[in-house]
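Observations on chain architecture
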Amino acid sequence: MSHDDFPTDDPAVVTCGLPYANGDLHIGHLRTYVGGDVYSRALERLGQETAFVSGSDMHGTPVAVNAEQAGVSPEQFALDWHEQYAATFPEFNVEFDNYGHTHDETNTAVTQQLVRDLDEAGHLYEKEIMVAYDPVDDQYLPDRYVEGTCPYCGEHARGDECDEGCQRHLEPGEVEDPESTITGNPAEYRERTHKFFAVSEFADYLSDFLDRLEGTSNARNQPREWIEQGLQDWCITRDMDWGIDLPGENPQDLVLYVWVDAPIEYISSTKQYTERVGAETFDWEAAWNEGASDDHPEGGEIVHVIGRDIIQHHTIFWPAMLEATGHTEPRAVMASGFVTLGGKGFSTSRDRAVWADEYLDEGFHPDPLRYYLATNGGFQQDVDFSWEKFRDRVNTELVGTVGNFLYRSLLFAHRNYDEAPIADATSEEVAERIDEAITDFEAAVNDYSVREVGDAVTDLARFGNEYIQRSEPWKLVDDDPEEAAQVIHDCVAVAKAIAVLFEPIAPQKAERLWEQLGEDGSVHEVTVEAAREGPTGDLAEPTELFAQIEDERVEALNEKLEARVKAAEADEGGEADDESGTADDTDTDDTDTDMTDIEPLSDDRISFDDFQELDIRIGRIETAEAIEGADDLLRLSVDLGAETRTIVAGLKQLHDVDDLPETKVVVLANMEKAELFGVESNGMVLAAGEEADLLTTYEDAGPGTKVK
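Residues numbered from 1 in each chain as written. Predicted model: local features only at pLDDT ≥ 70, side-chain atom pairs only at ≥ 80, totals over all residues. Heavy atoms only, no water.

**Here we look at the packing of helix H12 (residues 387–416) against helix H14 (residues 450–471)**
Direction vectors running N to C along H12 and H14 enclose 45°, while the axes themselves pass 8 Å from each other. What the angle tells us is that H12 and H14 run oblique. As for the relative orientation of H12 and H14, their crossing is left-handed in sense. In contact with Gly400, Thr401, Val402, Asn404, Phe405, Arg408 and Ser409 of H12, H14 contributes Thr458, Ala461, Arg462, Gly464, Asn465, Ile468 and Gln469. (Axes fitted to C-alpha atoms, helices over the stretch in contact; angles between N-to-C directions. Helix = DSSP H or I, 4+ residues; strand = E, 2+ residues; numbered from the N terminus. Parallel < 35°, antiparallel > 145°, perpendicular 65-115°, else oblique. Left-handed = near helix turned anticlockwise from the far one by under 90°. Contact = heavy atoms within 4.5 Å.)

**Some thoughts on the sheet that holds strand E3 (residues 98–101)**
Read across the sheet, six strands follow the order E3-E2-E1-E14-E15-E10 without closing on themselves; strand pairing throughout is parallel. Only two strands of the sheet have a single partner each, and these edge strands are E3 and strand E10 (214–215). One ladder, built from four bridges, connects strand E2 (residues 50–56) with E3; its direction is parallel. The residue bridging Gly55 from the neighbouring strand is Gly100, located in E3. Against the sheet, helix H9 (residues 311–324) engages strand E14 (301–307) and strand E15 (332–336), with an angle of about 145° to E14. (Pairing = 2+ DSSP bridges.)

**Describing the confidence of the model for the protein**
Looking at the protein, the pLDDT average stands at 89 and 93% of residues meet or exceed 70. Contacts from residues 574–600, a stretch scored under 50 in pLDDT, to residues over four places away or in other chains number 115 contacts. (pLDDT = per-residue confidence, 0-100.)

**Considering the packing of helix H16 (residues 481–502) against helix H17 (residues 507–516)**
H17 packs onto H16 with a crossing angle of 150° between their chain directions and a minimal axis gap of 8 Å. As judged from the angle between their axes, H16 and H17 are roughly antiparallel. Handedness of the H16/H17 crossing: left-handed. Contact residues: Ala495, Lys496, Ile498, Ala499, Val500 and Phe502 in H16; Pro507, Ala510, Leu513 and Trp514 in H17. Of the residues contributing to the contact of H16 with H17, the split by class is nine nonpolar, no polar and one charged. (Nonpolar A, V, L, I, M, F, W, Y, C, P; charged D, E, K, R; others polar.)

**Quick look at empty space enclosed by the protein**
The probe, sized like a water molecule, is rolled over the atoms to show the empty space still left. Counted under the stated rule, the structure contains three cavities of 30 Å³ or more. In this model, the largest cavity occupies a volume close to 140 Å³. Elements with a minimum of two residues in the lining of the largest cavity: strand E4 (124–134), strand E9 (188–197) and strand E12 (237–238). Split by residue class, the lining of the largest cavity holds nine nonpolar, four polar and six charged. Lining the second largest cavity are 13 residues; nearest its centre among them are Gly60, Met240, Leu256, Tyr257 and Val258. Here the lining of the second largest cavity is built from residues that sort into six nonpolar, four polar and three charged. (1 Å grid on protein atoms, 1.4 Å probe; cavity = no way out; pocket = protein on both sides within 12 Å on 5 of 7 lines; lining within 4 Å. Points joined across faces, edges and corners; volume = space filled by probe spheres on them.)

**Regarding helix H4 (residues 105–120)**
Helix length check: H4, at 16 residues, gives a terminal C-alpha distance of 22 Å against a target of 22 Å (1.5 Å per residue), a fit within 8%. Of all the positions in H4, only Thr106, Asn107, Val110, Thr111, Gln112, Leu114, Val115 and Leu118 are classed as buried. Buried residues along H4 sit in contact with E3, E4, E9, strand E13 (255–256), helix H7 (258–277) and H9. With a side-chain oxygen lying 3.3 Å from the backbone nitrogen of Thr106, the N-terminal cap of H4 falls on Asp104. At the exit of H4 stands Gly122, carrying a positive phi of roughly 85°. (Expected span 1.5 Å × (residues − 1). Buried < 20%, exposed > 50% of the residue type's maximum accessible area, 1.4 Å probe, protein only. Polar contact = N/O pair within 3.5 Å; in protein donor to acceptor, adjacent residues only side chain to side chain.)

**Overview of the nonpolar core**
By size, the foremost hydrophobic cluster in this structure holds 122 residues, and its most contacted members are Tyr39, Phe385, Phe390, Ile498 and Phe502. Sorting elements by how many residues they give to this core places H16 first, with 14 residues. Filtering out sequence-adjacent residues up to four positions away, Phe390 remains in contact with Tyr359, Phe364, Pro368, Leu369, Tyr372, Phe385 and Ile549. Val115, Phe202, Tyr205 and Ile244 belong to the second largest nonpolar core, which has 52 residues in total. (Core = buried A, V, L, I, M, F, W, Y, C linked by side-chain atoms within 4.5 Å.)

**Looking at the packing of aromatic side chains**
Taken as a whole and judged by the stated rule, the model has 29 aromatic pairs. A centroid spacing of 6.2 Å and a plane angle of 65° characterise the contact between Trp288 and Trp318, whose relative ring orientation is edge-to-face. A residue pair is termed long-range when its members are at least 10 positions apart, and Trp288 in helix H8 (residues 284–288) and Trp318 in helix H9 qualify at 30 residues. There is no split in this pair, since Trp288 and Trp318 are both buried. Note on Tyr359 and Phe390: the rings are 5.9 Å apart at their centroids and 75° apart in plane angle, and the pair reads as edge-to-face. In this pair, Tyr359 is assigned in helix H10 (residues 356–361) and Phe390 in helix H12, connecting sequence segments 31 residues apart. Both residues of the pair, Tyr359 and Phe390, count as buried. What links up through ring pairs into an aromatic cluster is the set Phe92, Tyr359, Phe364, Tyr372, Phe385, Trp387 and Phe390. Of note, Arg192 hangs over the ring of Tyr140, and the distance from its end group to the ring centre comes to 4.4 Å. Across the ring face of Phe6, the terminal group of Arg331 is positioned such that the distance to the ring centre comes to 4.0 Å. (Phe/Tyr/Trp six-rings, centres within 6.5 Å; stacked < 30°, edge-to-face > 60°. Lys NZ or Arg CZ within 6 Å of the ring centre and 35° of its normal.)

Right, dumping it as structure tokens:
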């Protein structure tokens, strides 16, 4: 792993968190998989050797429980879902180089060998622990077979996670007041011998690892709290039949915890890819094993694209396992935010979701949804989907900006020239603008921003619209045909650059545009250098790439959704569990991760005079530094125009501290002063949501400007 800017000489592996083989996919799940596919394709456009892999997570208690309810074996139950996922992803142009599953022979062998390596290196030990047991049903209760109270925050907890409170990972025996989810019987704790991985030995390594980890800031900042609190060793075995057997002597017939074999599937899936295409095309060992290749002594560039609910597993447990066994550590972790639906969490029990197959059955093309999921907010921010918002983004940006420029330019060119209008070269202005778009694209890849990959294209299309409008080639055709040819050549050159740079976001539409341009080869095989080459082919008669979504269509879709929700509520007596729309909520040993609905608007009103009493100003952060002894707090120096103030804010775990200086923020300036950890705070920085999404300005309001 180099940490040099992409492209590098080392092979890259982009992975997506494994979907849990336990239920239908909805568009919330798709956010991570689309993001991973966009990022993998963007790396390839830069010329980076890349493998894009994933697989289905087959093990764990939810599969066993639901298989029993369905009257089939866990293996058959999980395989049915695996096959459905393998068929669904390509329908959204999510094209994995290899898509395996955790129960296949490859992953079983790789997992057991890695566990043996951990044991032989002295990182595993046995320990007597208390395990929940149902005395009436006479069986042990691993993970989601038990529920009760979280010992840390007092909220409801299921198995290995405090799902309704602090979200903390829970070891066997920690849940208080345990009950069996199978029978409802009170459970008791009994002593059992289990295997543990000594994660605590790697605290210093993991702290340094997070310092050099790239990707989204939440993936770097969130795990630091767990390290600071003191890492607990990790129980890697479970009392159940479904899973990969613990290798070696195993008198209690234990299986490995699902979170042992799930990430190892990343290695196994890459290995399967190499076995299919040959090491000359992609060498899995050079990517994953440090020292396995003289050409790549430090391994490859490993990038994990996940949901934010599984950050802990990918930044604590997984890198510790890799370090302990001589494998390549991740270069980057990109952790996505959740997807909500019309401001509320997805609810599978209420059928309150836009299902993946439903989207396609409605006749929508996959690429507009890819664009919406990839570009609607930063990757780590929550995204709210509604049919109205989807319509607006499609009609305004895809139809009105990108599609409008492409169709008007290529149609004019096709009608006025027998082939692509070839001037001596692309004009200096347009060539520079294409270079700027390529630079933006490259920067987006190295900033791990799929949104900015898309923005590079829409910004270039906006330029194209402005350029053709002010150049008015329709007036030049008769008066100055040479200048008209230059303008149209420039416009077709911009269209070709759009085809190349838009391929990661909208691969099918980019392929169709490439064909309309008459270019040779496949747009999926070229690099960004092709965007600089200018048009070379014979232009086909263009058709419009994107279709307008009418208001009546949105109304019908909303009515259909509302009817489904009411029917589901009636079936279950009006009760429902609102669930996360995270792209990876099925990647954990959960059926789903609960997510509270957006808080309702308050009925309590304030007067305009009361509002006028609030002195809300624009500020600019000058410096940011941690406060000693405080896990979350930062001391900010904020320029408010008339003066610079010290403000204490709980941003440490949620933002990269080094990125905060020069950030414009919104400040409640007449907040009462307060002393926190010995520091007087003189104001309050405003932010939205649990992830502290900082409020800022759209344009150029300077420090001290009052918010009215």
